[in-house]
There are 2 protein chains.
Amino acid sequence: MISPFPPAPTLQEITEAHRRIAPFIHRTPVYTCQGINRIAGAEIWFKCENMQKVGAFKARGATNAIRSLEPGLLKHGVATHSSGNHAQALSWAARLIGTPAHIVMPSNSSKVKLNAVKSYEGKITLCAPTLEAREETLASVIQQTGAIEIHPYNNLKIIAGQATATVELLEEKPDLDSVLAPVGGGGLLSGTALACHYLAPLIRVIAAEPVEADDAFKSFTERRFIPSMNPTTIADGLRTSLGSLTFPIILEYVDRIVTVSDHSIIEAMKLIWERMKLIVEPSAAVPLAALIEKRELFPGDKIGIILSGGNADLDHLPWKL
Amino acid sequence: MISPFPPAPTLQEITEAHRRIAPFIHRTPVYTCQGINRIAGAEIWFKCENMQKVGAFKARGATNAIRSLEPGLLKHGVATHSSGNHAQALSWAARLIGTPAHIVMPSNSSKVKLNAVKSYEGKITLCAPTLEAREETLASVIQQTGAIEIHPYNNLKIIAGQATATVELLEEKPDLDSVLAPVGGGGLLSGTALACHYLAPLIRVIAAEPVEADDAFKSFTERRFIPSMNPTTIADGLRTSLGSLTFPIILEYVDRIVTVSDHSIIEAMKLIWERMKLIVEPSAAVPLAALIEKRELFPGDKIGIILSGGNADLDHLPWKL
């Protein structure tokens, strides 16, 4: 057991986060699909965060983190290093409150991702594509600008914000047997686990992870932090490793972590596109892939899945090579 | 003025259709998207029939047509010739009521479309890819089986069924200035126009059509029936020509028909995928394409669009050649 660790967000902090962000985010729909239920042998309720602002649940955490800061602290903006949905979410949330967002991105980021951040008026600083260069460049940007760092997941306000997706899911479907979420850095997963723990403690919380980026599975199994080394999975949102704040929450409140192949992820992604007419990115399809690949690991009939995001690259589909 | 023509469905017939089909179809959501609103310079409300059963509004008409028949007439099944969404919708609706659906399809139909009909247990008869062969083969199938023909659009029960999409849209957004629908054979458009006429007569009903299949535009302008000759538009659901029942309704109740290029259709389709995270087929993107291409033709700020279907071929995207 790892301890002591900073206290996890309380139910009250999650409830306050929800009240704080509700005017700015979408209350996303919860859908079921008979065709997919038949294939999976379960009744699945999908919480559609792919239809969230900026196309991902990250809008929740970023909004909560920024709007939890004292207004005086926002004077010089916020900053992060990210090439993914957090970069877009932070840029969007910062613009909405009227402060700049400084985003450090690796120089090999795709044009699609650079343009997405630019479209939300994020101020981009490019750096070499290594974690070291990203951290150094971010430190230098913060020193020059006085901006406040908002980490993508290792931040209690981010975790409380991400938890609100599950709060809404449970308001609509309180009688679920299990809830599945993908795990990358663990912000969504730890928030999901906390929401279930506080609001519906009998629900089993199960994480799904690409076998090609299985740091969370290994860390969870061995109960010590084992980071990923250059993971290559198609699920680009899940290549990060757990953080010092998310890992202890996951250890305590998550029931199981299941890994799946990239092949299954692509199949599940295409299934959601075809049957639900919803665009989800590869990371969002990981829980359904796990459910279909390893049905026996998911007890109960009623399963909630957080569809984490929809920012797929429409010019490079994984099933069209 | 063309007259006399068979009476159009009444408000009561549309209301009865809605009551008849409601237990079997989805009440699809109505979404707006700030990003697209900014681009189009309007407040657009999309009625998401891409999320309807079988992925298209056609489930409404097929269900109404089949369930309006005397049970005795259903003994030998139903039949149609179609390679598109009506084939799937009729197969699905027939299976649900427990009668066979005989579907005549051209031998060059894509595997995707053949498999879709098979997945709903439609009984397929292949024929040469000409209208003549399709009609002859259908006549022969009907003679052999005793099945009842359900035409894809030239059928008053089909028209009344398709009208119900707009009934639902107007229940949620009664204060629209215009409603846009795509036009192929005119089943959806004539139903849309009738629903607006009865329920919100001040709304302008505007049809959008690919310039590569502009039979409705020409027929509407010249007020005489001018069929399409081998149209080649990407919007495969709109290659058919108007029917003897749909044309008079369109002449009387539609305000304007606008044509758009295939290029604009593809752009609008991709925009809906990217911004709304919704999969729509090319035909469904035609109204938004018209709105963006010819904004000045659409009076008023609040515009309803029927997103007619989502059965895009995910292995052959039009922007990925």
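Residues numbered from 1 in each chain as written. Chains lettered and ligands numbered in written order. Predicted model: local features only at pLDDT ≥ 70, side-chain atom pairs only at ≥ 80, totals over all residues.

The next thing to look at is the relation of the copies chain A and chain B. For these two chains of identical sequence, chain A goes onto chain B by a turn of 180 degrees and a shift of 0.0 Å along the axis, with RMSD 0.0 Å. Taken together, these values place the two copies in the relation of a two-fold axis. Measuring from the rotation axis to each C-alpha of chain A, the shortest distance belongs to Leu278 of chain A, at 2.4 Å. Comparing contact sets, 100% of the residues at the interface of chain A also lie at the interface in chain B, consistent with an isologous, same-surface contact. (Least-squares fit on C-alpha atoms with pLDDT ≥ 70 in both. Contact = placed C-beta atoms within 7 Å.)

Now for the pairing of strand E10 (residues 302-307) of chain A. Along a regular strand, successive side chains alternate from one face of the sheet to the other. Residue and element names in this part refer to chain A. The buried count for E10 comes to five of six residues, which makes it a mostly enclosed element. Across six bridges, strand E2 (residues 43-48) lies against E10 in parallel orientation. Within the sheet, the bridge partner assigned to Cys48 lies in E10 and is Leu307. Both strand E7 (residues 178-182) and E10 contribute to a ladder of three bridges, which runs parallel. Note that in E10 the partner of Ser178 across the bridge is Ile303. (Buried ≥ 20, exposed ≤ 12 C-beta atoms within 10 Å, placed from the backbone. Helix = DSSP H or I, 4+ residues; strand = E, 2+ residues; numbered from the N terminus. Pairing = 2+ DSSP bridges.)

Strand pairing in a sheet relies on backbone hydrogen bonds, with the paired strands running either antiparallel or parallel. All names here are of chain A. Strand order in the open sheet formed by six strands is E1-E2-E10-E7-E8-E9, with mixed pairing between adjacent strands. On the outer flanks of this sheet lie strand E1 (30-31) and strand E9 (256-260), each paired with one strand and no other. Alignment of E1 against E2, held across two bridges, turns out to be antiparallel. Paired with Val30 across the strands is Lys47, a residue of E2. Sheet strands in contact with helix H8 (residues 187-199) are E7, strand E8 (204-210) and E10, and its direction is about 165 degrees off that of E7. (Axes fitted to C-alpha atoms, helices over the stretch in contact; angles between N-to-C directions.)

This part is about the environment of Arg67 of chain B. Residues and elements named next belong to chain B. For Arg67, the location among the structural elements is in helix H3 (residues 58-68). C-beta crowding within 10 Å serves as the criterion here: with 19 such atoms nearby, Arg67 is assigned to the partly exposed category. For the pair Arg67 and Tyr120, spaced 53 residues apart in sequence, the C-alpha to C-alpha distance is 17 Å. Among residues more than four places away in sequence, those in contact with Arg67 are Arg20, Ile21 and Ile97.

On to the interface of chain A and chain B. Opposite the 14 residues of chain A that make contact, chain B presents 14 residues. Broken down by class, the residue content of the side of chain A that touches chain B amounts to six nonpolar, three polar and five charged. (Nonpolar A, V, L, I, M, F, W, Y, C, P; charged D, E, K, R; others polar.)

Turning our eyes to something else, we now look at the domain arrangement of chain A. All names here are of chain A. Entries for chain A in the domain assignment read domain 1 (11-57 + 155-307) and domain 2 (59-149). Each of domain 1 and domain 2 has a C-alpha centre, and these two points are 24 Å apart. Tallying the contact residues gives 21 residues for domain 1 and 14 residues for domain 2. Here the side of domain 1 that touches domain 2 gets seven residues from one element, more than from any other, and that element is helix H7 (residues 156-172). Of the residues assigned to the side of domain 1 that touches domain 2, the class counts are ten nonpolar, seven polar and four charged. (Domains from an automatic or database assignment.)

So, about helix H10 (residues 246-253) of chain B. Burial analysis of H10 of chain B places six of its eight residues in the buried class, which makes it a mostly covered element. Residues of H10 of chain B that are buried: Thr246, Phe247, Pro248, Ile249, Ile250 and Leu251 of chain B.

Our next topic: the sheet that holds strand E3 (residues 78-81) of chain A. Residue and element names in this part refer to chain A. Spatial ordering of the open sheet is given by E5-E4-E3-E6, a layout of four strands whose pairing is parallel. Edge positions in the open sheet fall to strand E5 (123-127) and strand E6 (148-149), since each of these has one partner strand only. Two strands pair when backbone bridges link them, and E3 and strand E4 (residues 101-106) are joined in this way by four bridges, in the parallel orientation. Note that in E4 the partner of Val78 across the bridge is Ala101.

Leu90, Ile272, Ala285 and Ala289 of chain A together with Leu90, Ile272 and Ala285 of chain B are the most contacted members of the largest nonpolar core, which has 211 residues in total. Filtering out sequence-adjacent residues up to four positions away, Ile272 of chain B remains in contact with Leu278, Val280, Ala285 and Leu288 of chain B. (Core = buried A, V, L, I, M, F, W, Y, C linked by C-beta atoms within 7 Å.)

Further remarks concern the environment of Ala93 of chain A. Residues and elements named next belong to chain A. Within the element layout of this structure, Ala93 appears in helix H4 (residues 85-97). The class for Ala93 is buried, based on 30 C-beta atoms found within 10 Å. Measuring from C-alpha to C-alpha, the distance between Ala93 and Val183 comes to 23 Å, with 90 residues separating the pair along the chain. Sequence-distant contacts of Ala93, defined by excluding residues within four places in its chain, comprise Ala59, Ala62, Thr63 and Ile66.

Let us look at the environment of Thr164 of chain B. Residue and element names in this part refer to chain B. Relative to the helices and strands, Thr164 is located in helix H7 (residues 156-172). On the basis of neighbour counts, which here come to 26 C-beta atoms within 10 Å, the residue Thr164 falls in the buried class. Taking the C-alpha atoms as reference points, Thr164 and Gly61, 103 residues apart in sequence, are found 8.8 Å from one another.

Moving on: the pairing of strand E8 (residues 204-210) of chain B. Residue and element names in this part refer to chain B. Within E8, six of the seven residues are buried, leaving the element largely enclosed by the surrounding structure. Judged from the five bridges that link them, strand E7 (residues 178-182) and E8 form a sheet pairing that is parallel. Residue pairing in the sheet places Pro182 in a bridge with Ala208 of E8. The parallel pair E7 and E8 is bridged by helix H8 (residues 187-199), and the resulting crossover is right-handed. Pairing of E8 with strand E9 (residues 256-260), which is carried by five bridges, proceeds in the parallel orientation. Across the sheet, Pro210 pairs through a bridge with Val260, a residue of E9. (Right-handed = clockwise from strand over helix to strand, strands pointing away.)

All names here are of chain A. At a minimum axis distance of 8 Å, the contact between helix H1 (residues 11-21) and H7 shows a crossing angle of 85 degrees. In terms of orientation, H1 and H7 fall into the roughly perpendicular class. For the pair H1 and H7, the contacting residues are Glu13, Ile14, Ala17, His18 and Ile21 in the first and Ala160, Gly161, Ala163, Thr164 and Val167 in the second. Its residues assigned to classes, the contact of H1 with H7 comprises six nonpolar, three polar and one charged. (Parallel < 35°, antiparallel > 145°, perpendicular 65-115°, else oblique.)

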